[in-house]
Amino acid sequence: MATATAGTAGNSRPATTWHNWAGNVTATPARVVTPASVGELQEAVRRAAEEGLRVKAVGTGHSFTAAAATDGVLVRPQALAGIRAVDRTAGTVTVEAGTTLKELNRALAREGLSLTNMGDIMEQTVSGATSTGTHGTGRDSASIAAQIRGLELVTADGRLLICSEKENPEVFAAARIGIGALGIVTAITFAVEPLFFLTAREEPMGFDRVTSEFEEHFAENEHFEFYWFPHTGNCNTKRNNRSQGPAAPPGPVSAWVEDELLSNGLFQVVNSLGRAVPATIPSIARVASRALSARTYTDIPYKVFTSPRRVRFVEMEYALPRERVVEALRELRAMVDRSGLRISFPVEVRTAPADDIALSTASGRETAYVAVHMYKGTPYQAYFTAAERIFTAHGGRPHWGKVHTRDAEYFAQVYPRFGEFTALRDRLDPGRVFGNDYLRRVLGD
């Protein structure tokens, strides 16, 4: 097969095996392309379509599903990176698709600007994070995709669509969370605001108390989340609220103990021990869940919203109607307690307001998220299957980038605008240039 050259379809390399961050998904594409411009990307898509090859773009591989896997042309957008423009009057920033959230947030901070809300890691590219519905937690502020005000999309015929509420609005409405099914995003315009401070309050709390008071914590805080440690009645809560500042980050010793020693270094050791000797996990969980202490600190948003995550894992997350989450959590705890499962990772609970994006997990309803994790290399199927049974019984919608077993028939039931999205896909990509096995399962043929 001929190799593309820079200036035509971008730098191209022969087949290599690609794997995601967690190592649970691998793919061997026919070739890998790293376009240096939007024009090169357009040519790469046209050429692949002519050759009958599928095309998928992949960011940093932080999804746990095969959404980006392909046996055709794998596009690496890392050369399409950087901020194009900052419009202070409009309150927007336009950024290339291959830019990581870390790069974006640091650049915004230098400009005295910030996104309104963030997820808890910032290693992903902006296009990968938004395309799969990455979110943080918020009473009033929604996912990263909900902060999009415009985007550019290369379609299956190599055209470049400019999309916003005013230009190609029907594409914009869907493509903010497109799972890579509608085209390849090349640039995104986000709403931003002047840099502000958040004060974070982290506090241990019992499972029974945090679940019984869940609605109060949600109502009283701009950003509330908590972690429950299976095999225990212990949780750790985090409340983030805007403040006047000044910045008062954790001291270097406190930050190292909490974020490096406990959350990464010791946690890595504990999980390795648990994988080798599963019977030790409940005892370890009781000790680990009591190791974290209350602390309060203040900083700019991305330094509060995000944390380093170096212990690798596999994750499933479901979005539930917020009014159903406490019942589902209690069922999850009861299931773990009566099973022989050994769970070394905490369960994470977050919230989001309803939004208007067709395939957003918060589309049209107030939402709470429950995420379950297992340490990399540990069998996770039994735990995830039992958890998924609980979540789907409550009308849950799985995160597009995290492990699940649902299919198009299920999604047509839980997403009122599912048919709207698939009809748009039929129009933009009738030949399924951007298709793969995962999209066939979740969206249909």
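Definitions and limits used
- Residues numbered from 1 in each chain as written.
- Predicted model: local features only at pLDDT ≥ 70, side-chain atom pairs only at ≥ 80, totals over all residues.
- Heavy atoms only, no water.
- Helix = DSSP H or I, 4+ residues; strand = E, 2+ residues; numbered from the N terminus.
- Buried < 20%, exposed > 50% of the residue type's maximum accessible area, 1.4 Å probe, protein only.
- Polar contact = N/O pair within 3.5 Å; in protein donor to acceptor, adjacent residues only side chain to side chain.
- Contact = heavy atoms within 4.5 Å.
- pLDDT = per-residue confidence, 0-100.
- Pairing = 2+ DSSP bridges.
- Axes fitted to C-alpha atoms, helices over the stretch in contact; angles between N-to-C directions.
- Arc of directions from axis to C-beta.
- Expected span 1.5 Å × (residues − 1).

**Observations concerning the side chain of Glu202**
Secondary-structure assignment places Glu202 in strand β14 (residues 197-206). Note on Glu202: relative accessible area 9%, which makes it buried. Engagement of the side chain of Glu202 in a polar contact is seen with the side chain of Tyr297, the distance being 2.7 Å. Excluding residues within four positions of it along the chain, Glu202 makes contact with Thr237, Lys238, Ser293, Ala294, Arg295 and Tyr297.

**Things to note about the confidence of the model for the protein**
Should pLDDT be low for a region, the predicted coordinates there are not to be read in detail. With 93% of its residues at a pLDDT of 70 or more, the protein shows a mean pLDDT of 92. Note on residues 1-8: pLDDT under 50 across the span, and 19 contacts to partners over four residues away in sequence or across chains.

**With respect to the sheet that holds strand β10 (residues 148-154)**
Spatially, five strands are ordered β7-β8-β12-β10-β11 in an open sheet, and the strand pairing comes out antiparallel. Here the strands that pair on one side only, and so sit at the sheet edges, are β7 (83-87) and β11 (160-164). Here the strands of the sheet are splayed against their neighbours by 15° on average, with no regard to which way each runs. In this fold helix α2 (residues 101-110) packs onto β7, β8 (92-96) and β12 (184-191), with an angle of close to 145° to the strand it touches most, β8.

**Things to note about the side chain of Ser344**
With respect to the helices and strands, Ser344 occurs in the loop between α10 (325-338) and β19 (347-352). We classify Ser344 as buried; its relative accessible area is 18%. Once you skip the residues sitting within four places of it in the chain, Ser344 turns out to touch Phe267, Asn271, Ile281 and Tyr375.

**Here's the deal with the pairing of strand β16 (residues 234-243)**
Here β14 pairs with β16 via ten bridges, running antiparallel. Looking at β16, one finds that Glu203 is bridged to Thr237. In terms of strand pairing, strand β15 (residues 223-228) meets β16 through six bridges, oriented antiparallel. Across the sheet, residue His223 finds its bridge partner in β16, namely Asn240.

**Concerning the sheet that holds β15**
In space, the eight strands of this open sheet follow the order β17-β14-β16-β15-β19-β20-β18-β21, with antiparallel pairing throughout. Of all the strands in the sheet, just β17 (295-299) and β21 (397-398) have a single pairing partner and so form its edges. The pairing of β14 with β17 spans five bridges and is classified as antiparallel. Residue Leu198 lies in a different strand from β17, and its bridge partner there is Asp299.

**Quick word on α2**
Regarding α2, the residues found buried are Leu101, Leu104, Asn105, Ala107 and Leu108. Each buried residue of α2 sits inside an arc of 165° when the element is viewed along its axis, so together they form one side.

**Thoughts on α10**
In an α-helix, one turn spans 3.6 residues, which is why side chains three or four residues apart end up on the same side. Over its 14 residues, α10 extends 20 Å from the first C-alpha to the last, a length consistent with the 20 Å expected when each residue adds 1.5 Å. Within α10, the full set of buried residues consists of Val325, Val326, Ala328, Leu329, Leu332, Met335 and Val336.

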